[in-house]
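# Structure at a glance
These are the residues of each chain, in order.
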Amino acid sequence: MAEERRGAWFGFGFCGFGQALGSGRGRQVHSPEPLRAPGAGLDVCRVSASWSYTAFVTRGGGRVELSGFAVGAAGGCRDAWASEELLVVLRAGPGPGAGTELQAWAPGSALRGEPLWAQTVPEAEREDGPVGDETQAGPLPLLPCARAYVSPRPPFYRPLAPTLRARRLELGAEHALLLDAAGQVFSWGGGRHGQLGHGTLEAEPEPRLLQALQGLTMTEVAAGGWHSLCVSEAGDIYIWGWNESGQLALPTKSLAEDGKTTAEASGLNEDGSEVKTVAGGEDGAPAPFIAVQPFPALLDLPLGSDAVKASCGSRHTAVVTRTGELYTWGWGNRT
């Protein structure tokens, strides 16, 4: 999903449930089309897309509208986060000074009845930050207090260490990425595809600083299913993890196999990346490809463009440049 101007959104990809464009079932949208959110004239400020449905949050009244396999609507909402396991919404508390209520719903509930789980969460605490610090916590799954986040699996409410001044948090299928107020990146969770960026395939139970990025200030992080990406303040892209579908924009097995693969061998680069070769190309020479990249790799965009925004799907990646260009790569079988 992408926003062109205030309230103007575009979508593309698999739309088999009507979840992307509200345009009916059985469609694949091959290029960006204007988003037709449910409800005429809605001024959409945030979109959260899961595989089978999409959640829209509007400005003003804070209405959440669902489109796709899950449908429904609710008012008084500040933010929404869609996943196949849960729909999470932030709603105003029952009275003045009551804070914000975090609610977890089954996507198929149509936001009716009682949520699966609810908890009042505090607002952001600014007093312990530097004077003049205007850093704000990012959207869900990071909570407004920036001291906890919400998970699609129990326990839903997960506190962060007090020393972590989180600015943004992204969840992959098995791992988490956190960007702190100083521009440092932390990762934890499963690491079997190198998605943590620590140079191994081991899991990390607690947030661990990415040593390979120390000294660089990051402004964006994004987590795919099993890959990760961050953008520096200079506009550079660093990417790591699983490359099975080309989601890292590094050489893939499918490209190497274009020359009628007959055999495969594997090894490790000095940086720890898992490099494999397939034999049987047109000239008979092995064609290398990278299956797993466990350290952050610097990625150059065409024409030396600088990145400012990034997002990851399960096995694809999207980046927006300073000049407003959108680049995408990775798995495209669902467009």
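Residues numbered from 1 in each chain as written. Predicted model: local features only at pLDDT ≥ 70, side-chain atom pairs only at ≥ 80, totals over all residues. Heavy atoms only, no water.

### Quick word on the overall build of the chain
When helices and strands are counted, the chain shows 1 helix and 26 strands. Classification of the 335 residues of the chain by burial places 46% in the buried group. At a minimum sequence separation of 6, the contacts of the chain that also span at least 24 residues come to 40%. Summed over its atoms, the accessible surface of the chain is roughly 16100 Å², and 51% of this surface lies on carbon and sulfur atoms. (Helix = DSSP H or I, 4+ residues; strand = E, 2+ residues; numbered from the N terminus. Buried < 20%, exposed > 50% of the residue type's maximum accessible area, 1.4 Å probe, protein only. Contact = heavy atoms within 4.5 Å. Areas by Shrake-Rupley, 256 points an atom, 1.4 Å probe, with all protein chains shown as cover.)

### Considerations on the packing of aromatic side chains
Tallied over the full model, the rule gives 7 aromatic pairs. Taking the centre distance of 5.9 Å and the plane angle of 65 degrees together, the rings of Tyr-149 and Trp-188 count as edge-to-face. Here Trp-188 lies in strand 16 (residues 185-189) and Tyr-149 lies in strand 12 (residues 148-150), a separation of 39 residues in the sequence. One exposure class covers both Tyr-149 and Trp-188, and it is buried. Ring geometry for Trp-226 against Trp-242: centres 5.7 Å apart, planes inclined by 90 degrees, an arrangement best described as edge-to-face. Of this pair, Trp-226 sits in the loop between strand 18 (218-223) and strand 19 (227-232) while Trp-242 sits in strand 20 (residues 237-242), placing them 16 residues apart in sequence. (Phe/Tyr/Trp six-rings, centres within 6.5 Å; stacked < 30°, edge-to-face > 60°.)

### Notes on the pattern of salt bridges
On inspection of all chains with the given rule, the structure shows 10 salt bridges. The shortest N-O distance in the salt bridge between Glu-174 and Arg-192 comes to 2.7 Å. With Glu-174 in the loop between strand 14 (166-171) and strand 15 (175-180) and Arg-192 in the loop between strand 16 and strand 17 (204-209), this residue pair connects regions lying 18 residues apart in the sequence. The exposure class assigned to Arg-192 is partly exposed, which follows from its relative accessible area of 49%. (Salt bridge = Lys/Arg side-chain N within 4 Å of Asp/Glu carboxyl O.)

### Points about the confidence of the model for the chain
Looking at the chain, pLDDT values average 82 and 77% of them are 70 or higher. When the criterion is pLDDT under 50, residues 125-135 qualifies, and its contacts beyond four places in sequence or with other chains add up to 10 contacts. Considering only residues more than four positions removed or in separate chains, one finds that residues 259-268, a stretch of pLDDT under 50, has 28 contacts. (pLDDT = per-residue confidence, 0-100.)

### A few points about the side chain of Ser-151
Considering the arrangement of structural elements, one finds Ser-151 in the loop between strand 12 and strand 13 (157-159). A polar contact is formed between the side chain of Ser-151 and the backbone oxygen of Arg-153, at a distance of 3.0 Å. Filtering out sequence-adjacent residues up to four positions away, Ser-151 remains in contact with Trp-81, Leu-86, Phe-156, Arg-158 and Leu-171. (Polar contact = N/O pair within 3.5 Å; in protein donor to acceptor, adjacent residues only side chain to side chain.)

### Observations regarding the sheet that holds strand 10 (residues 100-105)
Judged by pairing direction, the sheet is antiparallel, and its 4 strands sit side by side in the order 8-9-10-11 without closing on themselves. Where the open sheet ends on each side, the last strands, each with one partner, are strand 8 (77-82) and strand 11 (117-121). Sheet twist, expressed as the mean angle between neighbouring strand axes with direction ignored, is 15 degrees. Where strand 8 lies against strand 9 (residues 87-92), 5 bridges are found, and the strand directions are antiparallel. Counted as the bridge partner of Asp-79 is Leu-90 from strand 9. (Pairing = 2+ DSSP bridges. Axes fitted to C-alpha atoms, helices over the stretch in contact; angles between N-to-C directions.)

### A look at the sheet that holds strand 16
The strand order 14-15-16-17 describes an open sheet built from 4 strands, whose pairing is antiparallel. Each edge of the open sheet carries a strand with a single partner, namely strand 14 and strand 17. The mean inter-strand angle of the sheet, taken between neighbouring strand axes irrespective of direction, is 15 degrees.

### Focus on the environment of Leu-90
Position of Leu-90 among the secondary structure elements: in strand 9. Residues in contact with Leu-90, not counting those within four places in the same chain, are Gly-76, Cys-77, Arg-78, Asp-79, Thr-100, Glu-101, Leu-102, Val-121, Leu-140, Leu-143 and Pro-144.

### Considering the environment of Pro-162
Mapped onto the elements of the fold, Pro-162 is located in the loop between strand 13 and strand 14. Residue classification places Pro-162 among the exposed positions, given a relative accessible area of 69%. Distance in space between the C-alpha atoms of Pro-162 and Arg-147 is 6.8 Å, their sequence separation being 15 residues.

### Brief notes about the side chain of Ser-52
With respect to the helices, strands and loops of the structure, Ser-52 is situated in the loop between strand 4 (44-49) and strand 5 (53-58). With relative accessibility at 4%, the residue Ser-52 sits in the buried group. Sequence-distant contacts of Ser-52, that is, excluding residues within four places in its chain, are made with Phe-17, Gln-19, Gly-68, Phe-69, Ala-70 and Glu-84.

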